[in-house]
Amino acid sequence: MHEVDMTKCLLLSMNQWKQQHAPVIPTVQQVHLQVGTFTCVEPDQLVFTWGVAVQGSWLAGAQLVIESLPLVGRCLQCNGSYAPSSAAAYRSPCCDQPMEEIISGRELRIRSVDYTLATTTPSPAMLPVQPHASAAEPAQLLPHPASPTTSLAAAPAA
Ligand SMILES: [Zn+2]
């Protein structure tokens, strides 16, 4: 149940993200996820498990939007990039080198979250893309704490 574990990680990250806005609970419309094809995650299955998991939670109605990133390897012989195929045992077609470096295809990260805060006018927030997220580690799932400018700063104690 790969996708179930992925959904748990996602919910964990989203809950942490929510706490950045406390006490306001953001209303999330869409969560944009980048998933590399080499992660073996089935996007349809992930959307399904997500939809079941968020029912009745603060994320109810939030849509998971998945962008698939193709597998791209780098040939260590000529430094060229290529699209590895399992039929060729992922070896480079140019120099017949084994795949030792993956440029893209193992990503699993939240790219951005479209949400609104009850105290502000609706504004979608674009979170910056992490330049080198190589492994599907839970830490990579945490969105960057960038947020629309809100005047939630606590007033200094008198
Ligand atoms: Zn090559």
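Going by the structure above, here's the rest.
Residues numbered from 1 in each chain as written. Predicted model: local features only at pLDDT ≥ 70, side-chain atom pairs only at ≥ 80, totals over all residues.

(A) Summary view of the nonpolar core. Judged by nonpolar contacts, the single largest core of 18 residues is most densely connected at Val28 and Val31. The contacts of Val31, once residues within four sequence positions are left out, are Ala62, Leu64, Val65, Ile110 and Val113. (Core = buried A, V, L, I, M, F, W, Y, C linked by C-beta atoms within 7 Å. Buried ≥ 20, exposed ≤ 12 C-beta atoms within 10 Å, placed from the backbone. Contact = placed C-beta atoms within 7 Å.)

(B) Local environment of the sheet that holds strand E6 (residues 108–116). Spatially, three strands are ordered E2-E1-E6 in an open sheet, and the strand pairing comes out mixed. A single partner strand is all that each edge strand has here, and the edge strands are strand E2 (63–69) and E6. On average, each strand axis in the sheet is inclined to that of its neighbour by 20 degrees, with strand direction left out of account. Across the face of the sheet, helix H2 (residues 43–53) comes into contact with strand E1 (27–36) and E2 while running at roughly 160 degrees to E2. (Pairing = 2+ DSSP bridges. Helix = DSSP H or I, 4+ residues; strand = E, 2+ residues; numbered from the N terminus. Axes fitted to C-alpha atoms, helices over the stretch in contact; angles between N-to-C directions.)

(C) Structural detail: helix H1 (residues 2–19). Across its 18 residues, H1 extends 26 Å between first and last C-alpha, which sits within 8% of the 26 Å expected from 1.5 Å per residue. Summarising the contacts, the buried residues of H1 are in contact with H2 and E6. (Expected span 1.5 Å × (residues − 1).)

(D) Local environment of unusual backbone geometry. A cis amide bond links Ala22 with the next residue in sequence, Pro23, at an omega value of 5 degrees. Counting through the fold element by element, Pro23 comes out in the loop between H1 and E1. Despite not being glycine, Cys40 shows a phi value in the positive range, around 65 degrees. Along the polypeptide, Cys40 turns up in the loop between E1 and H2.

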